[in-house]
Amino acid sequence: PMSNTVFLPPFTPAAQAVQHLQSDGFAILSPQDVALWSGCTLESLERLQGDWDSLPPDEYLKDGGRYRRRRHSCFVVTGAEVQQVPHRPHWQPVEYNALHGGMQRLFAPMQDATVTTPVWNQLLRALAGVSGEVFAHAAGAEPWYLEAHQFRIDTTDGIGRPTPEGAHRDGVDLVAVFLVGRHAVKGGET
């Protein structure tokens, strides 16, 4: 008989997230610790999950794929104030993203229902706050500029390719990846 082996990631306690970011360059938080770290309830964070159900197709996949859905918006966080900036294209130089760099990609904006919820704004404030702690040399370097990308990968036609461009850089100081939900997934790694 086959056994189901469950792999638990090497979770970092919320109180040690900044220390791990500074020393290791990454931190993996459990859902409960994301809630604790961000000052949100787990239930309020989980209510954001439905916002990923209506993402439009990514029209910029150079391999012609239809497996990635996406929205994108930009924000500025100054202290406790979160402001969504006018919608603009996402751009990366070819040196950062060999496949999709060097072109203006104007993805659909995030929905108002998402960006106006208190939990979304609290999450962005927490990210700006941790940026200030991690980059202590940038103390007082407000405002913080944040780009938010909502992704959904569909594997109906085979293996999912969340990043067909392969390993690439985002050209930013800090990246936060939140796993919002998994359905009928057999494996996977990031």
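Structure shown above.
To start, this report covers the structure provided alongside it.

Conventions adopted
Residues numbered from 1 in each chain as written. Predicted model: local features only at pLDDT ≥ 70, side-chain atom pairs only at ≥ 80, totals over all residues. Heavy atoms only, no water. Helix = DSSP H or I, 4+ residues; strand = E, 2+ residues; numbered from the N terminus. Buried < 20%, exposed > 50% of the residue type's maximum accessible area, 1.4 Å probe, protein only. Areas by Shrake-Rupley, 256 points an atom, 1.4 Å probe, with all protein chains shown as cover. Pairing = 2+ DSSP bridges. Polar contact = N/O pair within 3.5 Å; in protein donor to acceptor, adjacent residues only side chain to side chain. Axes fitted to C-alpha atoms, helices over the stretch in contact; angles between N-to-C directions. Contact = heavy atoms within 4.5 Å. Expected span 1.5 Å × (residues − 1).

**Quick word on the overall build of the protein chain**
Along the backbone of the protein chain there are five helices and three strands. Going residue by residue from the N terminus, the α and β elements of the protein chain occur as α-α-α-β-β-α-α-β. Residue burial in the protein chain is summarised as follows: out of 190 residues, 34% are buried. Roughly 12,300 Å² of accessible area belongs to the protein chain as shown, and the carbon and sulfur atoms make up 54% of that amount.

**Considering the pairing of strand 2 (residues 81-84)**
Relative to strand 2, strand 1 (residues 68-78) runs antiparallel, the two sharing four bridges. The residue of strand 2 that forms the bridge with Thr78 is Glu81. The antiparallel pairing of strand 1 with strand 2 creates a hairpin that spans two residues between the two strands, and Gly79 there sits at a positive phi of about 60 degrees.

**Observations concerning the environment of Ala128**
Note that Ala128 resides in helix 5 (residues 118-134). Look at Ala128 and you get buried, because its relative accessible area is 7%. Sequence spacing of Ala128 and Val77 is 51 residues, and the spatial spacing of their C-alpha atoms is 6.6 Å.

**Topic: the side chain of Ser44**
Counting through the fold element by element, Ser44 comes out in helix 3 (residues 42-46). Residue class for Ser44 comes out buried when judged on its relative accessible area of 12%. Polar side-chain contacts of Ser44 include one of 2.8 Å to the backbone oxygen of Thr41.

**Remarks on the sheet that holds strand 2**
Two orientations exist for strands paired in a sheet by backbone hydrogen bonds: parallel and antiparallel. Taken in spatial order, the three strands make up an open sheet running 2-1-3, and their pairing is antiparallel. Of all strands in the sheet, those bounded by a partner on one side alone are strand 2 and strand 3 (144-153). In this sheet, neighbouring strand axes are inclined to one another by 30 degrees on average, regardless of whether the strands run parallel or antiparallel. With 10 bridges joining them, strand 1 and strand 3 adopt antiparallel strand pairing. Bridged to Ser73 within strand 3 is Ala148. Against the sheet, helix 5 contacts strand 1, strand 2 and strand 3, and its axis sits at roughly 125 degrees relative to strand 3.

**Quick notes on the environment of Leu127**
For Leu127, the position within the fold is in helix 5. A residue is classified by how much of its surface remains accessible, and Leu127, at 14% relative accessible area, is buried. Spatially, the C-alpha atoms of Leu127 and Ala176 are 8.0 Å apart, while their sequence positions differ by 49 residues.

**A look at helix 5**
The end-to-end C-alpha separation of helix 5 is 24 Å, in line with the 24 Å expected for 17 residues at 1.5 Å each. Listing the buried residues of helix 5 in full gives Val119, Trp120, Asn121, Leu123, Leu124, Ala126, Leu127, Ala128, Val130, Ser131 and Val134.

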